[in-house]
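Okay, here's what each chain looks like letter by letter:
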Amino acid sequence: MLMELFTYMEDHDYEQLVLCYDKTSGLKAVIAIHDTTLGPALGGARMWTYASEENAIEDALRLAKGMTYKNAAAGLNLGGGKTVIIGDPKTDKNDELFRALGRYIEGLNGRYITAEDVGTTEYDMDLIHLETNFVTGISSGEGTSGNPSPVTALGIYKGMKAAAKEAFGDDSLEGKTIAVQGVGNVAYTLCEYLHEEGAKLIVTDINEAAVQRAVEAFGATAVATDAIYSQEADIFAPCALGAVINDETIPQLKVKVVAGSANNQLKEPEHGDRLHEMGIVYAPDYVINSGGVINVADELIGYNKERALKRVEGIYDTILKIFAISKRDGIPSYQAADRLAEERIARVGATRTTFLRNEKSIISNK
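Residues numbered from 1 in each chain as written. Predicted model: local features only at pLDDT ≥ 70, side-chain atom pairs only at ≥ 80, totals over all residues. Heavy atoms only, no water.

Asker: Can you help me understand the overall build of the chain in this one?
Answerer: Looking only at helices and strands, the chain features 13 helices and 12 strands. Expressed as lengths along the three principal axes of its C-alpha atoms, the size of the chain is roughly 65 × 55 × 45 Å. Considering the chain as a whole, with its 366 residues, one finds that 52% of them fall into the buried category. For the chain, restricting intrachain contacts to residue pairs at least 6 apart in sequence, the fraction spanning at least 24 positions comes to 64%. Approximately 17,200 Å² of the chain is accessible, and the part contributed by carbon and sulfur atoms is 49%. Charge separation in the chain, taken as the distance between the mean sites of 36 positive and 53 negative side-chain charges, equals 6 Å. (Helix = DSSP H or I, 4+ residues; strand = E, 2+ residues; numbered from the N terminus. Buried < 20%, exposed > 50% of the residue type's maximum accessible area, 1.4 Å probe, protein only. Contact = heavy atoms within 4.5 Å. Areas by Shrake-Rupley, 256 points an atom, 1.4 Å probe, with all protein chains shown as cover. Lys, Arg positive; Asp, Glu negative; His and termini not counted. Charge placed at Lys NZ, Arg CZ, Asp CG, Glu CD.)

Asker: Mind showing me how you'd approach the nonpolar core here?
Answerer: Nonpolar side chains in soluble globular proteins tend to end up buried together. Counting 63 residues, the largest nonpolar core has Met160, Ile178, Val180, Leu194 and Leu201 as the members making the most contacts within it. The greatest single-element share of this core, amounting to 9 residues, is contributed by helix 5 (residues 149-168). Every residue in contact with Leu194, bar those within four places of it in the chain, is listed here: Tyr157, Met160, Leu173, Ile178, Ala199 and Leu201. In this structure, Val18, Phe98, Ile105 and Ile128 belong to the second largest nonpolar core, which totals 22 residues. (Core = buried A, V, L, I, M, F, W, Y, C linked by side-chain atoms within 4.5 Å.)

Asker: For this particular structure, what's the right way to read the packing of helix 3 (residues 95-107) against helix 4 (residues 122-129)?
Answerer: Helix-helix packing is described using two parameters, namely the angle between the two axes and the distance between the axes. Direction vectors running N to C along helix 3 and helix 4 enclose 55°, while the axes themselves pass 7 Å from each other. Classified by the interaxial angle, the pair formed by helix 3 and helix 4 is oblique. Relative to helix 4, helix 3 is oriented so that their crossing is right-handed. On helix 4, the residues that touch Asp95, Phe98, Arg99, Leu101, Gly102 and Ile105 of helix 3 are Tyr123, Asp124, Leu127 and Ile128. Residues that form the contact of helix 3 with helix 4 fall into these classes: 6 nonpolar, 1 polar and 3 charged. (Axes fitted to C-alpha atoms, helices over the stretch in contact; angles between N-to-C directions. Parallel < 35°, antiparallel > 145°, perpendicular 65-115°, else oblique. Left-handed = near helix turned anticlockwise from the far one by under 90°. Nonpolar A, V, L, I, M, F, W, Y, C, P; charged D, E, K, R; others polar.)

Asker: Which parts of the structure should I look at to understand the sheet that holds strand 12 (residues 281-282)?
Answerer: By way of backbone hydrogen bonds, the strands of a sheet pair with one another, either parallel or antiparallel. With parallel pairing, the 6 strands of this open sheet are ordered in space as 9-8-7-10-11-12. The open sheet has two edge strands with one neighbour each: strand 9 (221-222) and strand 12. In this sheet, strand 11 (residues 257-258) lies alongside strand 10 (residues 235-238) in parallel orientation, the contact comprising 2 bridges. Along strand 11, the bridge assignment pairs Phe236 with Val258. (Pairing = 2+ DSSP bridges.)

Asker: Whenever I open this one, the pairing of strand 2 (residues 27-35) confuses me. Can you help?
Answerer: Successive side chains on a regular strand alternate, one facing one side of the sheet and the next facing the other. Counting buried residues along strand 2, 8 of its 9 residues qualify, which places the element largely inside the surrounding structure. Pairing analysis gives 7 bridges linking strand 1 (residues 16-22) to strand 2, with the strands arranged antiparallel. Pairing of Val18 across the sheet is with Ile31, part of strand 2. Here strand 1 hands over to strand 2 after 4 residues, with Gly26 in that stretch at a positive phi of 85°. In terms of strand pairing, strand 2 meets strand 5 (residues 79-86) through 6 bridges, oriented antiparallel. Bridge pairing links Ile31 to Thr83 in strand 5.

Asker: What is the right way to read the environment of Pro284 from this model?
Answerer: Structurally, Pro284 is set in the loop between strand 12 and helix 9 (285-288). Overall, Pro284 belongs to the buried group, its relative accessible area being 2%. Sequence separation between Pro284 and Thr24 is 260 residues, and the spatial gap between their C-alpha atoms is 42 Å. Apart from the residues within four sequence positions on either side, Pro284 is in contact with Ile319, Ile322, Ser333, Tyr334 and Ala337.

Asker: Please clarify how the environment of Glu106 should be interpreted in this entry.
Answerer: Residue position: Glu106 is located in helix 3. When the C-alpha atoms of Glu106 and Ala283 are compared, they prove to be 36 Å apart, with 177 residues separating the residues in sequence. Sequence-distant contacts of Glu106, that is, excluding residues within four places in its chain, are made with Glu131, Thr132, Asn133 and Phe134.

Asker: Before we go on, may I ask you to explain the confidence of the model for the chain in this structure?
Answerer: For residues with low pLDDT, the predicted coordinates do not support detailed interpretation. On average, the chain scores 93 in pLDDT, and the residues at 70 or more come to 93%. Segment residues 359-365: pLDDT under 50, and 0 contacts once partners within four positions in sequence are set aside and those in other chains are kept. (pLDDT = per-residue confidence, 0-100.)

Given below as structure tokens:
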């Protein structure tokens, strides 16, 4: 097992894997650090009922690598990492568990910075903060950013406008019909932006109250959950589940743009290829939904809301860069996003290598 694990880490350029156990609190956690070329690894702490310890390790590794690409593409001077806590977030939480995790994070001496994620809350981050300063997303106060949903929605909105410019030659969303899948906190705020600009909204959600709220507030048209893919619309905005772009849904799409807040929208990479072949403009999910991480990252230098929002609005330009790379290299936009991140990491890595080489030369000549 260990030999296979080290081989996997070598093949995918991981730096560190930490297994955390605390008998008193019942903490069982995995901290994965993928790459710190750009800076300390930043990634949230997820709590989930994994089927096995091996699944937890695999998830931590996969998510950490994803954060490397997300942070790099967002222009942050941060690497990628992730924590997964094995346990049911509804029944297995206790204060001591998160304080124990905080001590493990403190022991990494700044190589990894955590944040809220699936199954964890602002309160949990406050508990971690009792043991370490290497945590973001703590309770609102001086130097903290508070609820990330509105900021994430702003980034989705700006990224959607960039995708519209690519597809239609103009970034105006006035008069455009947008099919929004899921109307949770982020998507509801997104709908506010879209409604204010004069877009026509079609919405669906498994939560009927959330749908009714959007209908009443924005004059949206409600449809069944399985009918959202086949709507006559300009833009499809997946804002709920992942893997919704797949063999079953792609043939139903009648849109020119896919741009939304959901993570892992492509079930398989080949589905990104198919969108590209069909001429559908796809705004890569981990770039367009990076407003949250951009926002909490600003806490690391003393949170300034105006500065953070300006950087989030920069998602517009980042999405346009990705489309430019797609055209330059003749590749789908999801591959272009990866290339943007990889090129930035390579440039910084080369600079650091040159610096270290010169430093060693100076020392040896003394």
